[in-house]
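# Architecture at a glance
Read off the chains here:
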Amino acid sequence: PPGLVVGRHPGGGASACSGRTSVSSLESALKPLSTASSSSSCHMRFDATSCTREEASTGLLAAATADGSWLSRREYAGAALPAARPRRCAAAAFEALLCSLPTARPEERVMPPDWAFGAEAPTLGKAMARWAMHLYLGVADSPMRRYVLDDDELDDWRWLPDTGCAAEPRPRHGWLTYDVCEAAERRLRKPQAWLGDAVTGTKGGAALLGQLQGNSSGRWRQRGGAAWMATAGGGVTSGGVWAAAQALRLVRSSLGPCGRAAEAELWRRQPSSLLRQALPREQRAGGRGAGLLGVGVQVRRGDACERWAAAGDGDDLPAAGGRPCYRAAEYVSAAAAVLARLRARLPPSSPLAGREPVLLLASDSPRAEHEVREAMRSSDAMAGVRLLAVASPRGEAWGGVEEGANVGKRRAAAKRGFIEARNAAGLVNRTANFAALSADLRLLSASHSFVGTAASWTSRLALLAITGERGALPPFVMLDRPLGQLWFAGKS
């Protein structure tokens, strides 16, 4: 699962990390998802205890000084990718800092990010983003504190399944680990606390914190407290995006036993060929970062479609006809362009240079895989590109409205079919939705580039998931409009 690994496995590296994948090694890689074990030797691919403050500072400075044109461009060429060790050491330093912080008592917490997601996050994706934002704001606060979920917060997670599972009968505790630093996937491999000093005591760390806190955004002229400045100011900086991606990386790896079991069961039902190629990082050749030459694509459909539009038309106001959706051909055309740019930039020595390109697909639509496959067959530029997607109940199968049901409707009528309204009415299979989003983000996080929509928080989560794994913003295309800022998916 995502996350940096600290320490060495006593076995010294078993055959599962040799780069040759078997069914048995796939089952071994899935085991940590469904149990509390973290013993797979593939998890031990990087020993962060060997990191130096200088290496971490270099990686942190690279994150803070990355190209910031992602704010205003629908098509982004990608931030320069630092060397592997500084990149990994910077992520380990951020994790070490966060996990060394005192946890905040309820009365001491920073202001909850209701202004971004509402007191009750309306979708599962927004609930995950809200959790990551809590962690982000805690690091930006003075004094710094680590946010920990509690039952009061989870009362407003209307997307958690109502029941537990065999491993944990308590519903809330079964699906999520409240403290990201106590998650089963990192309990045995917490970074050394001293590494966190690289964030607070080096040039690179100071540059990153200055952006995260909003000091370097140029928006201090706007009135507001520290939490708002970290949102409105830090959320328009490359350092802020990097920090949010690291927070989401920790959130994604903090499923409880029921959450891990549900996702593992979904992965077990996939064809072995999908698992062999797409199961992230545990199964990559020796953990050397080879992986997939992949473009991740998130096709937004379902209740979001109030009209069909061409790329570049992102107006979602009722006067324009409502929220736009895009045909599969638009996604495939953008994917071909971003994949071509990615391949052109690869040096001959890159382990990705000779790899078969793949399109990694996620969607709330049960028809998206077929439509994208047909669009790929019609595109000469996508010849030789494979399509990989997680087979799962989607859309109507998990309780959404019939696809296209909201096209042409007025907003008031369309809202009755929005997924949050159907969830409130008890019509959504929350377990299927939870497992599918977790698996989709795991799949897309293996990508090196991305195509999605700025208005979709699922797309934003996918972009952050890829950034958390790569250590830098990837090349991307947003079909509707530029991102504008991190924490608000509406128009800037």
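Residues numbered from 1 in each chain as written. Predicted model: local features only at pLDDT ≥ 70, side-chain atom pairs only at ≥ 80, totals over all residues. Heavy atoms only, no water.

## Quick notes on the state of the cysteines
- For the structure shown, the criterion picks out four disulfides.
- Here Cys-51 pairs with Cys-89 through a disulfide, and the sulfurs are 2.0 Å apart. Where Cys-51 bonds to Cys-89 through sulfur, the torsion about that S-S bond is close to -85°, and the disulfide is left-handed. Of this pair, Cys-51 sits in the loop between α1 (23–34) and α2 (53–64) while Cys-89 is found in helix α3 (residues 84–100), placing the two residues 38 residues apart along the sequence. In terms of burial, Cys-51 and Cys-89 fall into one category: buried.
- Each disulfide pairs two cysteine sulfurs, and for Cys-165 the partner residue is Cys-258, the sulfurs being separated by 2.1 Å. Given an S-S torsion of about -90°, the disulfide between Cys-165 and Cys-258 has left-handed geometry. (Disulfide = S-S within 2.5 Å. Helix = DSSP H or I, 4+ residues; strand = E, 2+ residues; numbered from the N terminus. Buried < 20%, exposed > 50% of the residue type's maximum accessible area, 1.4 Å probe, protein only.)

## Topic: the packing of helix α11 (residues 238–252) against helix α19 (residues 457–470)
- At a closest axis distance of 8 Å, the pairing of α11 and α19 adopts a crossing angle of 95°. One element, α11, and the other, α19, form an angle in the roughly perpendicular class. Where α11 approaches α19, its residues Val-241, Ala-244, Ala-245, Gln-246, Leu-248, Arg-249 and Arg-252 are matched on the opposing element by Leu-461, Leu-464, Ala-465, Thr-467, Gly-468 and Glu-469.
- Across the contact of α11 with α19, the residue classes break down as seven nonpolar, three polar and three charged. (Axes fitted to C-alpha atoms, helices over the stretch in contact; angles between N-to-C directions. Parallel < 35°, antiparallel > 145°, perpendicular 65-115°, else oblique. Contact = heavy atoms within 4.5 Å. Nonpolar A, V, L, I, M, F, W, Y, C, P; charged D, E, K, R; others polar.)

## Details of the confidence of the model for the protein chain
- Overall, the predicted model of the protein chain reaches an average pLDDT of 81, with 81% of residues at or above 70.
- A low-confidence stretch, residues 280–290 stays under pLDDT 50, and its non-local contacts, those more than four residues away or across chains, total 31 contacts. (pLDDT = per-residue confidence, 0-100.)

## Considerations on helix α15 (residues 368–377)
- Of the residues making up α15, those classed as buried are Ala-368, Val-372, Ala-375 and Met-376. One side of α15 holds all its buried residues, which, seen down the axis, span an arc of 100°. Within α15, the exposed residues directed more than 90 degrees away from the buried face are His-370 and Arg-377.
- If you follow the buried residues of α15, they end up packed against β2 (293–299), α14 (328–345), β5 (357–363) and β6 (386–389). (Arc of directions from axis to C-beta.)

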